[in-house]
Amino acid sequence: MTTRTEVTPNRRGMRSRELVLDAAERVMAEHGYEAATLARVVAEAGIPMSSVYHYFGSKDGILLAVMERGADRFFADLPDLTGRAGRPAQHLARVVSAVIGTLERHPDFLRLLIVFAAQPPAAGQGEIQAVVRRIREHALDLLRAQIAAAFGDDP
């Protein structure tokens, strides 16, 4: 599986790349990875097939880029909750509320993450699972930090 990280798109190319990622995220979230054919993604994005191969190399490359972008957006959208607000239960309620709000703003990413964690695609499984594992570990690190902030040294 090839992700085309060496390709640096210009402004128009960035727009095309984002159109592909948006279309792929929608199609994969609604219909699953296997049903998200390149032809379907290209038709929904309205760009030439050659652009997909140029920027992503393959369908698996698109999936990896969708997951990475989704994770970046999701974690960037979470508010900074480094200091404890009120009692431990109040702090944790604030954390849960913030996470729920972020998930509501990014439902396709959540849907994809759950699907690929439960049933990874057969193709490119190692790289896809590595991305899912990295996202999961980052989320768990953030959760552990919030529990530590809520309870201090006495969890």
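To be clear, the structure that these remarks concern was listed above.
Calculation rules
Residues numbered from 1 in each chain as written. Predicted model: local features only at pLDDT ≥ 70, side-chain atom pairs only at ≥ 80, totals over all residues. Heavy atoms only, no water. Core = buried A, V, L, I, M, F, W, Y, C linked by side-chain atoms within 4.5 Å. Buried < 20%, exposed > 50% of the residue type's maximum accessible area, 1.4 Å probe, protein only. Helix = DSSP H or I, 4+ residues; strand = E, 2+ residues; numbered from the N terminus. 1 Å grid on protein atoms, 1.4 Å probe; cavity = no way out; pocket = protein on both sides within 12 Å on 5 of 7 lines; lining within 4 Å. Points joined across faces, edges and corners; volume = space filled by probe spheres on them. Nonpolar A, V, L, I, M, F, W, Y, C, P; charged D, E, K, R; others polar. Arc of directions from axis to C-beta. Salt bridge = Lys/Arg side-chain N within 4 Å of Asp/Glu carboxyl O.

**Quick look at the nonpolar core**
Line of reasoning, step 1. Core analysis: the biggest nonpolar cluster contains 35 residues, and Val-20, Met-28, Ile-62, Met-67 and Ile-135 have the highest contact counts within it.
Line of reasoning, step 2. Looking at this core, the elements with two or more residues in it are helix H1 (11–31), helix H2 (38–45), helix H3 (49–56), helix H4 (59–77), helix H6 (107–118) and helix H7 (125–151).
Line of reasoning, step 3. It is H4 that contributes the most residues to this core, nine residues altogether.

**Points about the layout of surface pockets**
Line of reasoning, step 1. Looking at the largest pocket, its volume works out to about 600 Å³.
Line of reasoning, step 2. Around the largest pocket, the lining comprises 26 residues; the ones closest to its centre are Phe-75, Leu-78, Val-99, Ala-139 and Leu-142.
Line of reasoning, step 3. The element that contributes the greatest number of residues to the lining of the largest pocket is H7, accounting for nine residues.
Line of reasoning, step 4. Grouping the amino acids of the lining of the largest pocket by side-chain chemistry returns 22 nonpolar, two polar and two charged.

**Considering H3**
Line of reasoning, step 1. When H3 is considered as a whole, its buried residues turn out to be Ser-51, Val-52, Tyr-55 and Phe-56. Here the buried residues of H3 occupy an arc of 105° about the axis, which is enough to place them on one side.

**Focus: the pattern of salt bridges**
Line of reasoning, step 1. Overall, the coordinates contain nine salt bridges when judged by the stated rule.
Line of reasoning, step 2. Put simply, Arg-73 and Glu-18 hold a salt bridge, and the shortest N to O gap is 3.4 Å. Separated by 55 residues along the polypeptide, Arg-73 in helix H4 and Glu-18 in helix H1 bring together distant segments of the chain.
Line of reasoning, step 3. Using a relative accessible area of 36% as the deciding quantity, one classes Arg-73 as partly exposed.
Line of reasoning, step 4. Judged by relative accessible area, which is 23%, Glu-18 ranks as partly exposed.
Line of reasoning, step 5. For Asp-141, the salt bridge identified is with Arg-144, shortest N-O distance 3.1 Å.

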